[in-house]
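Now for the letters of each chain:
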Amino acid sequence: MSSFNPDERTAQRMAGGQDRPDAERPRDPETIDGTIIDDPSVRPPLVLGDRDFHSVTETICGWAENPAPKWWMPAFLISSAVSGIGTLMILYLIITGVGVWGLNSPVMWGWAIVNFVWWVGIGHAGTLISAILCIFKQKWRTSINRFAEAMTIFAVICAGTFPGIHVGRVWFAWMLFPIPNYNYIWPQFRSPLLWDVFAVGTYFTVSLLFWYMGMIPDLATLRDRALKRLHMKAAVGPIEIALGKIRAFGYGFFALGWRFSSRGWLNYEKAYILLAGLATPLVLSVHSVVSFDFAVSILPGWHTTIFPPYFVAGAIFSGFAMVLTLLIPARELYPGMKDFVTARTLENMCKIITLTGLIVGFAYAMEFFIAWYGGNVFESEAFIIRAIGPYWWAYAIMFSCNVLSPQVFWFKWARTTPWFIFIVTIFVNIGMWFERFVIVTTLSSDFLPGSWRYYAPTYVDVLTFVGSLGIFMTLFLLFMRFLPMLAISEVKNVLPQADPHGHHGSESGDGAGEKNGKEGAHG
Amino acid sequence: MSGSGAHNTSLADRGDIRMSPSAARVLSAVLLAIGAVCVGLTLVLGLTTGDKTVARQALASYHVGFLIAIGFSLGAMAIVMILHQVNAGWAGLIRRQFENVMSLVWPCAILFIPVILLSLLGDPLWKWMDPEYVAGDALYDHKKPYLNTTFFLIRNIVYFVIWIWLAHSLFRYSTQQDLTGDKWLTAKARRMSSYGLLLFALTTAFAAFDWEMTLDFHWFSTMYGVYFFAANVGAAICLVTFILLMLRRSGRLADLVTVEHYHDLGKLMFGFVVFWAYISFSQYFLIWYANIPEETMWYQRRQADGWGTIAIALSLGRFILPFILLMPRPFRRSPAVLAFASVWLIGFHALEVFWIVRPQVYDPATYEPIMLNLLDVAAALGPVSLFLGLLVRKIASGPLVPLHDPRMDESLHHKNYI
């Protein structure tokens with residue numbers, strides 16, 4: 001790949017040839033695309049369509065190199081317009097004050113915190129897929145990890161805006177950081193809101209590093225190909241040459257001089273596993289700290305010990321749902337993507353959604369049981385008001401979307417039918433948003449019934465949230481347009497050709513490995 | 001079965017995949033004898049002195065022994081079902097030992113009967129079973145629909161029926177496959193594990209409430225079921241690692257279960273050390289921070305006097321030291337270190353169960369704690385030793401690895417590149 005001499009096939013493709021169309025696979029009711037195999041002695045293929053290394057590079061780079069698909073520009077314009085509305089709402093908020101939101105006593109936390117927790121939760125899938133599934137050696141993750149990590153980073157960006165703007169006087173937000181100042185005002189280190197700053201900040205930093213580091217070899221591939229295109233299309237025109245140069249420079253700058261040397265790969269793999277190890281506890285810690293925001297208080301409905309693992313499970317639940325929400329349309333829109341993101345990949349993700357949905361349901365059950373068992377009237381009343389009080393509808397949406405809707409994935413048809421999965425993931429996204437809404441609106445019925453008040457958002461609340469969706473989609477569309485959407489080198493690693501010993505091949509080679517292992521143990 | 005046939009036939013013919021019957025007989029006889037002697041001692045010391053507090057102490061520590069034994073079994077059951085659910089390939093060679101530990105859930109049911117009988121007939125271990133003690137207790141009156149003897153017994157029967165059914169079926173699928181080589185038994189086990197895990201989660205959570213949390217029936221924590229799960233799965237991994245290492249020492253499975261498998265067991269051990277710390281810290285931290293008396297009282301008793309020393313020892317011995325010990329890769333790949341770590345962690349797991357259960361026994365006149373003494377050790381060792389004795393017999397009763405696992409090839413060639 002590092003060579004500058006395009007082979008004949010590459011040359012043809014670069015001369016304007018189309019990438020090969022999706023392999024025409026008739027949908028088999030049993031195995032779908034050939035990857036849903038019940039037989040325990042068979043491992044389904046991870047990549048379909050008889051792909052070699054070359055065609056993997058061609059297809060994945062092609063998505064970033066070929067002219068944008070027709071839907072891309074309209075989608076981008078709409079998303080950025082929506083994010084513009086969100087930005088205007090934030091400006092309006094900063095200029096006017098938090099009174100433009102629906103917050104009031106006793107609901108002092110409203111949509112801002114709901115949105116923050118929802119976005120941070122969504123941001124958990126990427127690191128779970130790249131770090132934890134990497135440690136568990138789940139090879140199917142290679143086709144979705146880049147995608148999910150990008151989503152993670154954009155979700156955390158959206159999440160980060162809300163605590164920043166909800167402080168009211170935004171120009172004092174820097175006081176969250178332990179920076180010495182002339183008044184000797186230090187942050188309150190005993191406040192979980194401050195821990196949030198560190199937890200989310202660390203998570204964002206490590207996720208970004210992980211995402212970027214994993215992308216370096218693929219950026220180098222894009223750089224080399226950009227240079228090649230520049231050579232091939234030298235005569236097209238000055239603007240295109242300039243754009244091509246910018247492109248080659250951009251990819252080259254961020255590829256950090258990667259040359260595909262074996263020494264480079266050795267360091268890369270070491271760094272990857274180290275970052276995976278560092279990111280794994282972060283998957284648990286971030287949402288645990290977010291749950292502390294609520295659980296360290298002594299408010300009924302908020303203070304309960306199961307919150308940390310329950311929030312983490314919920315975060316993974318919503319994150320996987322959001323990955324699928326984005327992945328299923330992308331899989332239809334980008335030619336060749338179905339070869340990598342197989343029905344099996346979707347099925348596995350559906351299973352994780354069902355598992356985490358059940359963990360969330362388990363936590364609801366424990367909360368309800370202990371709310372009664374604990375014998376604290378305020379606690380049990382808080383739960384009764386949640387379920388049948390003024391926000392009963394939110395509770396009903398939460399429960400049915402989070403606990404009931406993923407149960408459809410017990411049926412094979414449901415977890416192998418992409419459009420149906422897509423609908424369920426939308427439900428899950430809605431349900432998880434309402435879960436945080438239910439938790440926050442517990443405030444509306446506080447200790448003094450005289451001050452009970454029904455909390456409703458204003459249009460500014462709603463449009464700020466919609467705007468954050470716009471920011472998220474805008475960033476995601478840019479990612480799909482300009483960066484390698486799938487991890488090229490990792491996908492190549494799980495191709496059958498990448499294993500020189502083969503699955504059933506050379507027993508002698510493996511035997512030698514075992515002997516080495518034993519020697520290592522004794523030595 | 002085409003691709004893996006060659007290996008599997010040779011697997012069944014090997015001499016080192018069965019435990020030596022004579023060694024098993026001796027070892028299990030010794031363990032069962034120790035167990036019987038300890039149970040006898042507990043009965044004599046506990047019941048004949050006529051001191052109600054001593055009897056209570058003996059019963060509580062016997063209960064600790066029961067909890068340690070069934071903890072192994074339940075932890076192993078969780079691991080077996082998870083391995084089936086995730087279609088694990090690497091674990092084919094080690095799964096049988098988890099299955100052996102899991103299958104001993106029924107003797108645990110029998111070991112539990114004395115605790116229930118003595119509680120029903122004499123001074124109950126669960127204070128709420130004592131009508132005099134709870135008379136006028138408003139909280140008990142509130143909890144009575146859940147905390148009454150009838151419902152307690154029904155619940156326990158339900159738990160054990162579900163667990164024995166799950167353990168028996170999963171074990172049978174695996175051993176039947178040894179005989180028939182039918183690969184679809186693996187698919188059946190996988191299917192059962194899906195709803196099995198759901199049933200398991202609910203039953204163990206409520207069992208944790210019933211067996212540990214309601215010993216102090218004023219106290220409550222939503223996390224308690226997860227806490228119980230985290231500790232027991234970790235203990236089961238340690239036990240199985242230790243069994244495999246001892247088998248390796250006696251020349252069994254030597255070139256089958258390689259350092260690669262131990263490495264992964266070491267990773268799991270490390271993972272559950274951290275997970276346990278995460279869960280127990282979160283539970284403690286939220287209660288400490290909120291500082292509500294109805295919640296802090298449980299920790300209050302366990303932070304005072306001698307129990308406080310044990311609490312600190314637990315955070316060091318069950319988290320910080322093993323965390324450091326299992327961090328370097330060469331250590332996770334060293335049989336000696338892993339053997340040490342597994343015994344160490346099981347020891348601290350046992351100490352933790354004591355720390356959870358035993359502070360409920362105190363001097364009724366002065367409320368002073370009664371610290372651990374030899375009676376406690378004997379009382380807890382009884383059920384644990386009986387369990388281990390039966391486990392040795394179980395291990396010796398069949399091949400040490402599944403003979404026709406359809407993914408055995410992957411396990412035989414398992415490697416950790418990083």
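Student: Looking at this model, I keep getting lost on the overall build of chain A. Mind explaining?
Tutor: Each helix and strand in chain A was counted, giving 19 helices and 0 strands. In chain A, which comprises 523 residues, the share counted as buried stands at 55%. For chain A, long-range pairs separated by at least 24 residues make up 83% of all intrachain contacts whose partners lie at least 6 apart in sequence. For chain A, the exposed area adds up to about 22,500 Å²; of that, 70% sits on carbon and sulfur atoms.

Student: How should I be thinking about a nonpolar patch on the surface in this particular structure?
Tutor: Residue and element names in this part refer to chain B. A contiguous nonpolar surface patch, about 680 Å² in accessible area, is contributed by Trp 106, Ile 110, Ile 113, Leu 117, Leu 120, Leu 121 and Ile 164. Looking at the nonpolar patch element by element, the count peaks at 6 residues for helix α5 (residues 105–121). Judged by its relative accessible area of 49%, Ile 110 falls in the partly exposed class.

Student: Looking at this structure, how should I read the pattern of salt bridges?
Tutor: Counted according to the given criterion, the structure contains 25 salt bridges over all chains. With a closest N to O distance of 3.0 Å, Arg 225 of chain A and Glu 58 of chain A form a salt bridge. Separated by 167 residues along the polypeptide, Arg 225 of chain A in helix α7 (residues 192–232) and Glu 58 of chain A in helix α2 (residues 53–65) bring together distant segments of the chain. Judged on exposure class, the residue Arg 225 of chain A and its partner Glu 58 of chain A are both buried. The closest approach of N and O atoms between Arg 96 of chain B and Asp 178 of chain B, which form a salt bridge, is 2.9 Å. Note that Arg 96 of chain B is positioned in helix α4 (residues 92–103) and Asp 178 of chain B in helix α8 (residues 149–180), a separation of 82 residues in sequence. Among the residues examined, Arg 96 of chain B registers a relative accessible area of 2% and is labelled buried. Residue classification places Asp 178 of chain B among the buried residues on the basis of a relative accessible area of 9%. Each of Arg 95, Arg 96, Glu 99, Asp 178 and Asp 405 of chain B takes part in a single network of salt bridges with overlapping partners.

Student: Honestly, the interface of chain B and chain A in this entry has me stumped. Any pointers?
Tutor: Quite often, the size of an interface is put as the accessible area lost when its parts meet. Listed as interface residues are 65 residues of chain B and, on the opposing side, 49 residues of chain A. Summed over both sides, the interface of chain B with chain A buries roughly 4,800 Å², with 65% coming from carbon and sulfur. In this assembly, chain B and chain A are joined by 4 salt bridges. A salt bridge links Glu 410 of chain B to Arg 43 of chain A, with the shortest nitrogen-to-oxygen separation between them at 2.7 Å.

Student: So what exactly am I meant to see when it comes to the packing of helix α13 (residues 305–325) of chain B against helix α15 (residues 335–357) of chain B here?
Tutor: Each pair of packed helices can be described by the angle between their axes along with the distance between the axes. Residue and element names in this part refer to chain B. Taken N-terminus to C-terminus, the directions of α13 and α15 make an angle of 155°; their axes are 10 Å apart at the nearest point. Taken as axis vectors, α13 and α15 run roughly antiparallel relative to one another. In the packing of α13 onto α15, the handedness of the crossing is left-handed. Contact residues: α13 offers Trp 307, Ile 310, Ala 311, Ala 313, Leu 314, Gly 317, Arg 318, Leu 321, Pro 322 and Leu 325, while α15 offers Val 337, Phe 340, Ala 341, Trp 344, Leu 345, Phe 348, His 349, Leu 351, Glu 352, Phe 354 and Trp 355.

Student: What's the story with the side chain of Arg 407 of chain B in this structure? I'm lost.
Tutor: Its location among the elements puts Arg 407 of chain B in the loop between α16 (374–396) and α17 (408–412). Although Arg 407 of chain B is buried, it forms no salt bridge, and the closest oppositely charged side chain is Glu 410 of chain B at an N-O distance of 5.0 Å. Ignoring anything within four residues of it in the chain, the contact list for Arg 407 of chain B reads Pro 40 and Arg 43 of chain A together with Asn 87, Ala 88, Gly 89, Thr 186 and Arg 190 of chain B.

Student: Any chance you could explain unusual backbone geometry here in plain terms?
Tutor: It is generally the case that most residues other than glycine have a negative phi and that most peptide bonds are trans. Ser 105 of chain A connects to Pro 106 of chain A through a cis peptide bond whose omega is 0°. Take Pro 106 of chain A: it is sitting in the loop between α3 (72–96) and α4 (111–122). With phi around 55°, Leu 253 of chain B is a residue other than glycine that occupies positive phi space.

Student: Got a minute to help me understand helix α11 (residues 259–290) of chain B in this structure?
Tutor: Because an α-helix completes one turn every 3.6 residues, residues spaced three or four positions apart along the sequence face the same direction. Residues and elements named next belong to chain B. Across its 32 residues, α11 extends 46 Å between first and last C-alpha, which sits within 8% of the 46 Å expected from 1.5 Å per residue. Among the 32 residues that make up α11, 23 are buried, leaving the element largely enclosed by the rest of the structure. Of the residues one or two after α11, Asn 291 is the one with positive phi, at around 60°.

Student: So what exactly am I meant to see when it comes to the confidence of the model for chain A here?
Tutor: Detailed reading of the predicted coordinates is not advisable wherever pLDDT falls low. Residues and elements named next belong to chain A. Per-residue confidence for chain A averages 86 on the pLDDT scale, and 90% of its residues sit at or above 70. Ignoring residues within four places in sequence, the model shows residues 1–21, a span with pLDDT below 50, making 32 contacts including any to other chains. In this model residues 504–523 is a low-confidence stretch, pLDDT under 50, and it forms 22 contacts with partners more than four residues away in sequence or in other chains.

Student: I tried to follow the side chain of Ser 194 of chain B on my own but got confused; where do I start?
Tutor: Along the chain, Ser 194 of chain B turns up in helix α9 (residues 184–211). If sequence neighbours within four positions are ignored, Ser 194 of chain B has contacts with Trp 410 of chain A together with Gln 85 of chain B.

Student: For this particular structure, what's the right way to read the packing of aromatic side chains?
Tutor: Each aromatic ring pair is specified by the distance between its two centres and by the angle formed by the two planes. Inspection of the entire model under this criterion finds 101 aromatic pairs over all chains. Judged by centre distance (5.7 Å) and plane angle (10°), the rings of Phe 369 of chain A and Phe 209 of chain B are stacked. Note that Phe 369 of chain A is positioned in helix α12 (residues 343–373) and Phe 209 of chain B in helix α9, a pairing that runs across two chains. Between Trp 165 of chain B and Tyr 195 of chain B, the aromatic rings sit 6.3 Å apart at their centres with planes inclined by 20°, giving stacked as the arrangement.

Thresholds applied
Residues numbered from 1 in each chain as written. Chains lettered and ligands numbered in written order. Predicted model: local features only at pLDDT ≥ 70, side-chain atom pairs only at ≥ 80, totals over all residues. Heavy atoms only, no water. Helix = DSSP H or I, 4+ residues; strand = E, 2+ residues; numbered from the N terminus. Buried < 20%, exposed > 50% of the residue type's maximum accessible area, 1.4 Å probe, protein only. Contact = heavy atoms within 4.5 Å. Areas by Shrake-Rupley, 256 points an atom, 1.4 Å probe, with all protein chains shown as cover. Patch = residues over 30% accessible without salt bridge, like charges linked within 9 Å, V, L, I, M, F, W, Y side chains within 5 Å. Salt bridge = Lys/Arg side-chain N within 4 Å of Asp/Glu carboxyl O. Buried area = accessible area lost by both parts, 1.4 Å probe. Axes fitted to C-alpha atoms, helices over the stretch in contact; angles between N-to-C directions. Parallel < 35°, antiparallel > 145°, perpendicular 65-115°, else oblique. Left-handed = near helix turned anticlockwise from the far one by under 90°. Lys, Arg positive; Asp, Glu negative; His and termini not counted. Expected span 1.5 Å × (residues − 1). pLDDT = per-residue confidence, 0-100. Phe/Tyr/Trp six-rings, centres within 6.5 Å; stacked < 30°, edge-to-face > 60°.

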